[in-house]
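Analysis of the macromolecular model
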Amino acid sequence: MLQYLIFQRKNVEQTLSIIKPDAVKQGFESQINERFEKSELRIVKQKKLHLTKEEAENFYAVHKERPFFNALVAYMTSGEVIVQVLEGENAVMRNREIMGATDPKAAAPGTIRKDFGQSIEANAVHGSDSLENATNEIKFFFGD
Ligand code: GDP
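Computed from a prediction, not measured in an experiment: that's the story for all the values here.

This brings us to the packing of aromatic side chains. Counted according to the given criterion, the structure contains five aromatic pairs. Summarising the aromatic geometry, the rings of phenylalanine 59 and tyrosine 60 are spaced 5.0 Å apart at their centres and angled 85° between planes, so their arrangement reads as edge-to-face. For the pair phenylalanine 59 and tyrosine 60, a shared accessibility class is recorded, and that class is buried. Taken together, the aromatic side chains of Phe59, Tyr60, Phe140 and Phe141 make up a single cluster linked through ring pairs. Sitting over the ring of phenylalanine 142, lysine 47 keeps its end group 4.8 Å from the ring centre.

The following block contains the structure:
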């Protein structure tokens, strides 16, 4: 019975977050981390790094054909980023909700991108958009 209750209680997931160069440069790291903590998303792994061009191109390979691809790679390699694994109940969708829409201008009040983003490109954070992508993105940065 106890086992049953434990299994029913939570759908604990992990998702990948990146605090992007604009937000790192402006010192928003701790304020963004507070948003995760308030939403019960625990930072279980974290590292600061400067992406190489090749890493950024590989990470965003799905956007290769988009007109903004080269600009996106240049932006993501323009400074340090903080790559994080967040863990919590329904972490993937919960993080997408608190991040807000891609374009900070269109993001809901109180979301991270609304409060800390500069533009549709320099929008403060990345967050995996599905459980499958979360698994792949976590592997990309942290291995198995
Ligand atoms: P996300 O899942 O909300 O991050 O959005 P996407 O997967 O569609 O885009 C990936 C990233 O590319 C975004 O977070 C932005 O940094 C950048 N991006 C998206 N759309 C545009 C655009 O129209 N112009 C530019 N310059 N960058 C964009």
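With numbering matched to this structure, UniProt assigns "binding site: ATP" (unreviewed entry) to Lys20, Phe68, Arg96, Thr102, Arg113 and Asn123. Of the annotated set, the members that line the largest pocket are Lys20, Phe68, Arg96, Thr102, Arg113 and Asn123. With respect to the element layout, arginine 96 can be found in helix α6 (residues 91-99). Relative accessible area serves as the criterion here: at 29%, arginine 96 is assigned to the partly exposed category.

Next up on the list: the layout of surface pockets. Taken as a whole, the largest pocket encloses approximately 660 Å³ of empty space. If you go around the largest pocket, you meet 24 residues; those closest to its centre are Tyr60, Val62, His63, Leu72 and His126. Of all elements in the fold, only α4 (53-59), α6, β4 (125-127) and α8 (131-142) reach the threshold of two or more residues within the lining of the largest pocket. Residue contributions to the lining of the largest pocket peak at four residues, all from α8.

What follows concerns the UniProt feature "active site" (unreviewed entry) in the protein. With numbering aligned to this structure, UniProt lists the feature "active site" (unreviewed entry) at His126. Within the element layout of this structure, histidine 126 appears in strand β4. Among all residues touching histidine 126, those that are not within four sequence positions of it are Leu16, Ser17, Ile18, Lys20, Phe59, Tyr60, Met99, Arg113 and Glu137.

Lys20, Tyr60, His63, Phe68, Leu72, Arg96, Thr102, Arg113, Ile120, Glu121 and Asn123 make up every residue found near the ligand. For the ligand, an oxygen atom lies 2.6 Å from a polar atom in the side chain of threonine 102. Summarising the interface, the protein chains cover 79% of the accessible area of the ligand, which totals 550 Å² for the free molecule. Classifying every residue of the shell around the ligand by side-chain character gives four nonpolar, three polar and four charged.

Moving on, we come to α8. Taking 1.5 Å per residue, twelve residues should reach 16 Å; α8 reaches 16 Å between its end C-alpha atoms and fits that length. Taken together, the buried positions of α8 are occupied by Ala134, Glu137, Ile138 and Phe141. All buried residues of α8 lie within an arc of 105° about the axis, which places them on one face of the element. Buried residues along α8 sit against β1 (12-19), β2 (42-49), α4, β3 (81-89), α6 and β4.

Once that is clear, we can look at unusual backbone geometry. Notably, glutamate 40 is not glycine yet its phi reads approximately 60°, a positive angle. Tracing the chain through its elements places glutamate 40 in the loop between α3 (29-38) and β2. Residues other than glycine seldom take positive phi values, yet asparagine 90 does so here, at roughly 45°. With respect to the element layout, asparagine 90 can be found in the loop between β3 and α6.

Conventions used here
- Residues numbered from 1 in each chain as written.
- Predicted model: local features only at pLDDT ≥ 70, side-chain atom pairs only at ≥ 80, totals over all residues.
- Heavy atoms only, no water.
- Phe/Tyr/Trp six-rings, centres within 6.5 Å; stacked < 30°, edge-to-face > 60°.
- Buried < 20%, exposed > 50% of the residue type's maximum accessible area, 1.4 Å probe, protein only.
- Lys NZ or Arg CZ within 6 Å of the ring centre and 35° of its normal.
- UniProt positions renumbered as here; feature names shortened; annotations may be inferred.
- 1 Å grid on protein atoms, 1.4 Å probe; cavity = no way out; pocket = protein on both sides within 12 Å on 5 of 7 lines; lining within 4 Å.
- Helix = DSSP H or I, 4+ residues; strand = E, 2+ residues; numbered from the N terminus.
- Points joined across faces, edges and corners; volume = space filled by probe spheres on them.
- Contact = heavy atoms within 4.5 Å.
- Near = heavy atom within 4 Å.
- Polar contact = N/O pair within 3.5 Å; in protein donor to acceptor, adjacent residues only side chain to side chain.
- Areas by Shrake-Rupley, 256 points an atom, 1.4 Å probe, with all protein chains shown as cover.
- Nonpolar A, V, L, I, M, F, W, Y, C, P; charged D, E, K, R; others polar.
- Expected span 1.5 Å × (residues − 1).
- Arc of directions from axis to C-beta.

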